[in-house]
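Examination of the molecular architecture
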Amino acid sequence: MSADERCATCEWWQAGAPARAYAETLPGNPEMFLGVCIVNPPMIVGSDPQTATPMFPRTHQNRRCAAWEEREVGDPNDGERAPTGFVVNLADHRGRAA
């Protein structure tokens, strides 16, 4: 692992992003040295189905982990990857009998 394999340089880390999976932005001025790791799907936090919230882990930019991947420069999707595996395109199944 190189010295620069940390959250701030990882493909999966988003600086200043909200931990809530459905939130668009953090309220106020987000601290840019904090962000979220989206390498895994969000975890459901809370035991009550009415108030449970999907959350990504919030991390500091200098943390390191085993899932680090080099950030792609000039990626047209801004680092967002196309889904792979276990994805069903509903348009392919319209009109088919079950």
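Look a little higher up for the structure.
Now for a look at the structure at hand.

Cut-off values and rules
- The numbering scheme is per chain: residues are counted from 1 as the chain's sequence reads.
- Restriction of local features to residues with pLDDT of at least 70 applies here, the model being predicted, together with a cutoff of 80 or more for giving and counting side-chain atom pairs; totals for whole chains, interfaces and linings are based on all residues.
- Side-chain metrics rest on all non-hydrogen atoms present in the structure, leaving aside hydrogens and water.
- In short, DSSP must find at least two bridges between two strands for them to pair.
- Secondary structure elements follow DSSP: runs of H or I no shorter than four residues count as helices, runs of E no shorter than two count as strands, and numbering proceeds from the N terminus.
- For every element, the axis is a line fit to its C-alpha atoms; helices are fit only across the contacting stretch, and the angle between N-to-C directions ranges from 0 to 180 degrees.
- Here a polar contact means two N or O atoms within 3.5 Å. Within protein one must be a hydrogen donor candidate and the other an acceptor candidate, and residues neighboring in sequence count only if both atoms are side-chain atoms.
- Only heavy atoms matter for contacts: two residues are in contact if any of them lie within 4.5 Å across the pair.
- We call a set of buried Ala, Val, Leu, Ile, Met, Phe, Trp, Tyr and Cys residues a nonpolar core when their side-chain atoms join them within 4.5 Å.
- Here's how the labels work: a residue is buried when its accessible area is under 20% of the maximum for its type, exposed when over 50%, partly exposed in between, all with a 1.4 Å probe on protein chains only.

**So, the sheet that holds strand 5 (residues 58-60)**
Here three strands make up an open sheet; going across it, the order is 1-2-5 and the pairing antiparallel. The strands lining the two open edges of the sheet, one partner per strand, are strand 1 (13-15) and strand 5. Strand-to-strand, the axes of this sheet are offset by a mean angle of 40°, without reference to chain direction. As paired strands, strand 2 (residues 34-37) and strand 5 are joined by three bridges and run antiparallel to one another. Looking at strand 5, one finds that Val-36 is bridged to Arg-58.

**Regarding the side chain of Thr-59**
Tracing the backbone shows Thr-59 in strand 5. One polar contact links Thr-59 to Trp-13, side chain to side chain, over a distance of 2.9 Å. Apart from the residues lying within four places of it in its own chain, the contact partners of Thr-59 are Cys-7, Trp-13, Phe-33, Leu-34 and Gly-35.

**Details of the nonpolar core**
Judged by nonpolar contacts, Cys-7, Cys-10, Trp-12, Trp-13 and Cys-37 together constitute the single largest core of five residues. Other than its neighbours up to four places away in sequence, Cys-10 contacts Ala-67, Trp-68, Glu-69 and Arg-71.

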